[in-house]
Amino acid sequence: MVSGQTIGVAGAGSIGCFVGGMLTAGGRRVALLARPRVIAEIEASGLRPTSFEGFDQTITRDRFALSENPGVFENAGVVLVTVKSADTAAMADVIARHAPSDVVVVSLQNGVGNAAVLRDRLPGRRVLGGMVPFNVIALGNGRFHRATSGDIVIEQDEARTAETLSVPGLKVRPTGNIEGVQWGKLLLNLNNALNALADLPLRRQLAQREWRRLFADQVAEGLAAIKAEGIKPVSPTPIPFGWLPSLLRLPDPIFEAVLGRTMKIDPEARSSMWEDLQHRRRTEVDYLQGVITGIADRRGLDAPLSRRIVELIRRAERDANGSPGLTPEQIRAGI
Ligand SMILES: NC(=O)C1=CN([C@@H]2O[C@H](COP(=O)(O)OP(=O)(O)OC[C@H]3O[C@@H](n4cnc5c(N)ncnc54)[C@H](OP(=O)(O)O)[C@@H]3O)[C@@H](O)[C@H]2O)C=CC1
Ligand SMILES: CC(C)(CO)C(=O)C(=O)O
């Protein structure tokens, strides 16, 4: 990408509006493709990325392009894909029709299959996998709040796309092993569903040992499945995966001390899957726990916890009442 070219954001919701806002604040030219409800909110209030570190800027409407018309991608040098995984294929087709043929497409999504879907539907275009380690919550009135720490990681390329996308307050690091990084993130994202079922902020959920034991059992089950596939996950935190289950099972005060040293979590942070249940949207459970049950099916492994959680999330999606607010005991009871 040539610096000065437009950075398109394909599906501006929590991640897209935060990243797009930070890039605009950092002097990049940004074009957001968004739904009418998101456009109306930003038209009324401006775009306000904020962060647990104290960053807080309201970006006026004249500083970026914002539209429901994918024509906003016509001069894009990079397009960041920030839709939920089920919408990746449809968004790839939009990019194919509206972005230049030499555009670089970067997936900033959870899950391990989105870059492959984009590559399949965008032959000839450069597609880079990515991983966003931090949480963003949509707080209303154009405010998109980064509630946990960590740097974005994307696949390294000769054009040094990662470096071009880095601005103050939003660091993007290149990696030669994006698959390992994405599988590592998938293991942490197994907590998204637990958090969604718990109806608790992440910090309060992780402060309770019974929730952490459940998360530890999920990670152990996920690790066993992905090791059977010969995959070596890279931990997104300074804690190696081999230690994570034991660490999660520690008594509350010891765990708190370790967590406090490894990452920052705002009191209001919650998983994106909790947000999906609250807004009666389809969740990404098929791309997270569903990947583990898929491996288990192929390899004849047990994955009882992942199967139970898929079932509970599907039930919550069908009920459309938001989070069911379950306890760890209620989740284990059906296994
Ligand atoms: N939120 C978070 O904290 C984190 C999220 N992630 C990952 O990032 C990805 C994005 O998540 P998140 O930002 O939370 O998701 P959101 O649902 O908040 O944002 C996606 C947005 O894209 C919109 N969209 C979908 N298709 C189109 C289209 N064709 N044209 C215009 N807009 C479209 C959606 O609208 P609609 O709903 O109407 O379809 C929605 O507003 C996911 O893979 C998620 O797992 C990763 C790390 C943290
Ligand atoms: C950052 C994290 C792990 C927060 O739960 C996330 O990826 C999400 O909410 O989707």
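Residues numbered from 1 in each chain as written. Chains lettered and ligands numbered in written order. Predicted model: local features only at pLDDT ≥ 70, side-chain atom pairs only at ≥ 80, totals over all residues. Heavy atoms only, no water.

So, the sheet that holds strand S4 (residues 65-67)
- Taken together, 6 strands build an open sheet; the order of strands is S4-S2-S1-S5-S6-S7 and the sheet is parallel. This sheet does not close on itself; its edge strands, each paired only once, are S4 and strand S7 (126-128). Along the sheet, successive strands turn relative to each other by an average axial angle of 20°, direction set aside.
- Pairing of strand S6 (residues 104-107) with S7 involves 3 bridges; the strand directions are parallel. Bridge pairing in S7 links Val 106 to Leu 128.
- Along the sheet, helix H1 (residues 14-25) makes contact with strand S1 (6-10), strand S2 (30-33) and strand S5 (76-81), crossing S2 at roughly 165°.
- Set on the sheet, helix H3 (residues 88-98) makes contact with S1, S2, S5 and S6; between it and S5 the angle comes to about 170°. (Pairing = 2+ DSSP bridges. Helix = DSSP H or I, 4+ residues; strand = E, 2+ residues; numbered from the N terminus. Axes fitted to C-alpha atoms, helices over the stretch in contact; angles between N-to-C directions. Contact = heavy atoms within 4.5 Å.)

Observations concerning the domain arrangement of the protein
- Along its sequence, the protein is carved into domain 1 (6-176) and domain 2 (179-333).
- Centre-to-centre separation of domain 1 and domain 2, based on C-alpha positions: 25 Å.
- Every contact between the two is made by 24 residues of domain 1 and, on the other side, 25 residues of domain 2.
- When domain 1 packs against domain 2, close to 2,100 Å² is buried across both sides, 54% of that on carbon and sulfur atoms.
- Among the residues domain 1 hides against domain 2, the three largest losses belong to Lys 84, Asn 110 and Val 112. Together they make up 29% of the total.
- Our count for the contact surface shared by domain 1 and domain 2 stands at 1 salt bridge.
- Residue Asp 276 is joined to Lys 84 by a salt bridge in which the shortest nitrogen-to-oxygen separation is 2.6 Å.
- Summed over the shared surface of domain 1 and domain 2, the number is 12 residue pairs in polar contact (both at pLDDT 80 or more).
- Those elements that provide at least two residues to the side of domain 1 that touches domain 2 are strand S8 (130-131), strand S9 (136-140) and strand S10 (143-146).
- Its residues assigned to classes, the side of domain 1 that touches domain 2 comprises 10 nonpolar, 11 polar and 3 charged. (Domains from an automatic or database assignment. Buried area = accessible area lost by both parts, 1.4 Å probe. Salt bridge = Lys/Arg side-chain N within 4 Å of Asp/Glu carboxyl O. Polar contact = N/O pair within 3.5 Å; in protein donor to acceptor, adjacent residues only side chain to side chain. Nonpolar A, V, L, I, M, F, W, Y, C, P; charged D, E, K, R; others polar.)

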